Amino acid sequence: MLVDSPTLNGLGAMDPPRRVVIIGAGIVGTNLADELVTRGWTDVTVIEQGPLDMPGGSTSHAPGLVFQTNPSKTMTQFARYTVDKFLALEQDGQTCFNQVGGLELATTPERLQELKRKHGYASSWGIEAHLISAKECAKIYPILNTDMVLGGLHIPSDGLALAARAVQLLIARTSKAGVRYLGNTPVTGIERADGHVTGVKTSDRVVPADIIVSCAGFWGVEVGAMVGLPIPLLPLAHQYVKTTAVPARAGQNALPNGASLPILRYQDQDLYYREHGDQYGIGYYGHKPMPVVASSLPLQSEQVTEHNMPSRLEFTREDFEPAWKLSKELLPALEQTEIADGFNGVFSFTPDGGPIVGQSPTVEGFYVAEAVWVTHSAGVARAVAELLTTGHSQIDLAECELSRFEEVQTAPAYVNETSQQNFVEVYDILHPLQPKESPRNLRVTPFHSRQRELGAFFLENGAWERPQWFEANTDLIKDLPAEWKPVERDAWSARYYSPTAAVEAWKTRTAVAMYDMTPLRRLEVSGPGAVDLLQRLSTGDVSKKPGAVTYTLLLDEHGGVRSDVTVARLEDELFQVGVNGPIDTVYFTQEARKQRQQCPNRWVQVRDITGGTCCVGLWGPLARDVITAVSTDDFSNKGLRYFRAKRARIAGIPVTAMRLSYVGELGWEIYTTADNGQRLWDVLWKAGQPHGVVAAGRSAFNALRLEKGYRAWGSDITTEHDPYEAGLGFAIKAGKQGYVGQAALEGRSQETATRRMRCLTINDGRSVVLGKEPVFVDGQPVGYVTSAAFGYTIGKPICYAWLPSKVGEGDAVEVEYFGQRIPATVAAEPLYDPQSSRVRGS
Ligand SMILES: Cc1cc2nc3c(=O)[nH]c(=O)nc-3n(C[C@H](O)[C@H](O)[C@H](O)COP(=O)(O)OP(=O)(O)OC[C@H]3O[C@@H](n4cnc5c(N)ncnc54)[C@H](O)[C@@H]3O)c2cc1C
């Protein structure tokens, strides 16, 4: 039976406005206050430790360059909104955005290629961008030494945010709307009761609050500690200087801080530039990382000035020497100048470079919005305001979620090392598959030593070591039938790739392969309220008899797909749920807690069993020959049907077997406890030898799942998509009522969807793309690729892409890759075994 309201005690649009306290009056905090009052929430207090006219955080000295284009769609959308908002934020005829455009330079062939990829991102995310020659660069940037330049990327809508001014205008505007500002008031603690925030403590009072949002910038760690919440960010100093007046630019900019030349990036040398009137501003990331402990910085006082603030550390001139020399080479006009002023300014870095946004998993009502650049500030603030007022951000937040990190990734040493690495790499050319070099081997599965023996090439994800392919299979390339031979790849798509993946795909389709599925997170959901919880949160019917496995979706209140999960009912009150990551764990845990509080007789417990268990995916037409050699349990088609689970023994090892397959072949996900893992691997491996078993990695796996049209949450689908658009309408149980998101889906169907996830095949049969490339119809960018791979079984590259609904099967499209348009065709899906006879078997 479903409980009365799908969202127990959640924040819905119908809830009355709450008392909100925002900590920090930087660009994020003030934007958030503004976004909240715009939505009718006026009981808002902003508490700032510094003086309000110049709080002294990172915003107070930010030069405000806004380069919008980012490999992340979310971040690009945040930036675009920030530009639009700051353009509209004006006083006395002056807005808070100087739209001078942005110019990124290539001085190496590798960077020129990178700019082509970036041009692709811009087209995918709807930003106008132009790849231009060195000569064209000189036209829009006359003082450039074009002898050094190979080309550029020009984005006319980029420019300069006047961040400190925007803060002041937002304070004035929101004060008028009723927001209270308390300046010179450090927050010293957070009051709580029953796991919920109740107020914010300062030296002389407690400000009552239902919701607290920490927008404390690089002080986030200290504020998080007030509620026992580790915030994975590291404050680092970054050098910025202003030159004396540049004679060649004299009189070009009327305002002292004005600019008319585009903002400029010279990423090959970690440099960026803007004008400040006649002077030049130079930012530099090429120096050594300089970590800072925020609590060691002097607390702010009334003496905060432009040159004296805690976020502004003394300039270390020797660290800037290379930058100064390089800058004079690129911009010879700077030869006529000196460094007039310089400082080491502090702001936040994180392990993966993304911001940190969301609610504490353990303290209800405590939110954070930190490690946010000026570039993304208004966009992030809007998303948080939407989250608070409606429970849903229109832009997907998975890449920013506070809870996205695995527990081991929030350890101070991990945050320290990876955030510094992130600083070092901030302007580097990074391949989408490129793993961290350090720290590694943090989480390994029980099969790890066997995988090493087989020459696994490991990539890292969620701190797990995951085999991409196995060198032991390379010898078999010579045995590949002609139709399975992999195509030659270009240098970019050949990185972190081996043709050995073709062998692993071939063996999976024609014999049998073992996949390590351990890192896929799984939860145990148990108790008398387990069915209620899972029914309430998912679109499927999970109340079937024990032994049933259901593929189902978790939606948000607006019908967006927040995850796709498999729910196996093992006993009446015991489920194993395969989820996508820590964000799902937090969601289930929080909802279970609310259910326990509100319906004590239908309590439910959620336990993450990932680390204590492991999983082998044994798949292929010969998988049954392998398993029956080592088990007396009934693994026949009747004994364990497709999408059924049962407990069994394999060579005496207790396992849970689920007849599922993400690669589209007969077989099982076989789970056991971690202590039994290595023996399970060994037993299956030995039994598989007569049948030609291979170990197979993620590279083959990704290709096989795309041939079967299985979507991956995160890359293919996010909260921005509903199930019908995503081609997942089948996962909604017809007639089911009362689950989260159901009301929002009323009236929607595949037919009403204006965009669709489509399968494309590349016409030339050999051009492999990697994802995020724009898709063109009749020369216009209309969508973008989400996942891509070479489909070994079908002998063609495959892409999945978001496209307008009117672009349908058989239509011709083009995918832009490195500036080239590659013809492709919208195909009927799935490309392999559309009847699913292989997985259903006989
Ligand atoms: C040299 C330099 C150059 C940069 N250049 C750019 C750029 O070109 N483009 C770009 O997009 N970004 C740039 N950045 C980054 C950008 O400045 C920051 O990411 C952004 O300003 C952060 O805004 P915020 O509101 O989160 O933090 P802040 O501006 O630091 O605001 C946080 C506020 O919280 C207050 N606070 C903290 N703790 C407490 C407490 N306990 N009680 C009360 N108040 C508290 C602080 O006093 C502070 O005012 C640059 C940063 C530096 C250092």
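The structure presented is a predicted model; accordingly, all values stated were derived computationally and were not measured.

Conventions used here
Residues numbered from 1 in each chain as written. Predicted model: local features only at pLDDT ≥ 70, side-chain atom pairs only at ≥ 80, totals over all residues. Heavy atoms only, no water. Pairing = 2+ DSSP bridges. Helix = DSSP H or I, 4+ residues; strand = E, 2+ residues; numbered from the N terminus. Patch = residues over 30% accessible without salt bridge, like charges linked within 9 Å, V, L, I, M, F, W, Y side chains within 5 Å. Areas by Shrake-Rupley, 256 points an atom, 1.4 Å probe, with all protein chains shown as cover. Salt bridge = Lys/Arg side-chain N within 4 Å of Asp/Glu carboxyl O. Lys, Arg positive; Asp, Glu negative; His and termini not counted. Charge placed at Lys NZ, Arg CZ, Asp CG, Glu CD. Buried < 20%, exposed > 50% of the residue type's maximum accessible area, 1.4 Å probe, protein only. Contact = heavy atoms within 4.5 Å. Axes fitted to C-alpha atoms, helices over the stretch in contact; angles between N-to-C directions. pLDDT = per-residue confidence, 0-100. Core = buried A, V, L, I, M, F, W, Y, C linked by side-chain atoms within 4.5 Å. Near = heavy atom within 4 Å. Nonpolar A, V, L, I, M, F, W, Y, C, P; charged D, E, K, R; others polar.

**What about the pairing of strand 23 (residues 356-359)?**
Bridge count between strand 23 and strand 24 (residues 366-370): four bridges; the pairing is antiparallel. Opposite Val357, over in strand 24, you have Ala369 as the bridge partner.

**What to know about a positive patch on the surface**
The grouping of Lys544, Lys545, Arg644 and Lys733 at the surface amounts to a positive patch. Take Lys544: it is sitting in the loop between helix 12 (530-537) and strand 29 (549-555). For Lys544, a relative accessible area of 34% puts it in the partly exposed group.

**Thoughts on helix 11 (residues 500-510)**
For helix 11, the tally of buried residues reaches ten of eleven residues, placing the bulk of the element in the interior. Those residues of helix 11 that sit buried are Thr500, Ala501, Ala502, Val503, Glu504, Ala505, Trp506, Lys507, Thr508 and Arg509. Those residues of helix 11 that are buried lie in contact with strand 26 (464-470), strand 27 (513-516), strand 33 (613-619), strand 37 (694-696), helix 16 (698-707) and helix 18 (837-840).

**Some thoughts on the sheet that holds strand 6 (residues 97-98)**
Strand order in the open sheet formed by three strands is 3-10-6, with antiparallel pairing between adjacent strands. If you trace the sheet from one side to the other, it starts and ends with strand 3 (65-66) and strand 6, each paired once. As judged from the two bridges shared by strand 6 and strand 10 (residues 159-161), these two strands associate in the antiparallel manner. Paired with Asn98 across the bridge in strand 10 is Leu160.

**What to know about the sheet that holds strand 13 (residues 196-202)**
Overall, antiparallel pairing links the three strands, which are arranged 12-13-14 in an open sheet. The open sheet is flanked by strand 12 (187-193) and strand 14 (206-208), the only strands paired with a single partner. Neighbouring strand axes in the sheet, compared pairwise and without regard to direction, differ in orientation by 30° on average. Of the pairings in the sheet, the one linking strand 13 to strand 14 comprises three bridges and is antiparallel in character. Among the inter-strand pairings, Gly199 is bridged to a residue of strand 14, identified as Pro208.

**A short note on the confidence of the model for the chain**
Here the chain averages 96 in pLDDT, while 97% of its residues score no lower than 70. Across residues 1-5, confidence stays below pLDDT 50; counting only partners more than four residues off in sequence or on other chains, it has twelve contacts. In the model, residues 9-14 has pLDDT below 50 throughout and makes 15 contacts with residues more than four positions away in sequence or in other chains.

**Considering the environment of Glu318**
Mapping Glu318 onto the fold places it in helix 7 (residues 317-330). Through-space distance from the C-alpha of Glu318 to that of Gly791 is 53 Å; in sequence the pair is 473 residues apart.

**Some words on the nonpolar core**
If you look at the biggest cluster of nonpolar residues, it comprises 56 residues, and the most contacted ones within it are Tyr515 and Tyr792. Sequence-distant contacts of Tyr515, that is, excluding residues within four places in its chain, are made with Glu504, Thr508, Cys615, Val616, Gly617, Trp619, Val663, Ala696, Gly697, Ala700, Phe701 and Leu704.

**Section: the site of the ligand**
Close to the ligand lie 37 residues; Glu48, Ser58, Thr59, Val372 and Thr375 are nearest. Expressed as a share of its isolated accessible area of 1,000 Å², the protein-covered part of the ligand is 97%. At the level of secondary structure, the elements contributing two or more residues to the shell around the ligand comprise helix 1 (27-38), strand 16 (234-243) and strand 22 (339-349). Here the residues of the shell around the ligand sort into 22 nonpolar, 14 polar and one charged.

**Description of unusual backbone geometry**
A cis amide bond links Ser438 with the next residue in sequence, Pro439, at an omega value of -5°. Mapped onto the fold, Pro439 is located in the loop between helix 9 (412-424) and helix 10 (448-453). Of note, the amide linkage connecting Glu829 to Pro830 takes the cis form, showing an omega dihedral of -5°. Summarising the element assignment, Pro830 is placed in the loop between strand 43 (820-827) and helix 18. Here Ala463, not a glycine, exhibits a phi torsion of approximately 70°, which is positive. Note on placement: Ala463 falls in the loop between strand 25 (456-461) and strand 26.

**Considerations on the pattern of salt bridges**
Scanning the entire structure with this criterion turns up 40 salt bridges. For Asp34, the salt bridge goes to Lys85, with nearest N and O atoms at 2.7 Å. One end of the pair, Asp34, is in helix 1; the other, Lys85, is in helix 2 (residues 73-88), and 51 residues separate them in sequence. Each member of the pair, Asp34 together with Lys85, is buried. Residues participating in the shared-partner salt-bridge network are Asp34, Glu35, Arg39, Lys85, Arg173 and Glu386.

**A closer look at the environment of Thr761**
Its location among the elements puts Thr761 in strand 38 (residues 755-762). Leave out the neighbours within four places in its chain, and Thr761 touches Ile794, Lys796, Pro797, Ala824, Thr825, Ala827 and Leu831.

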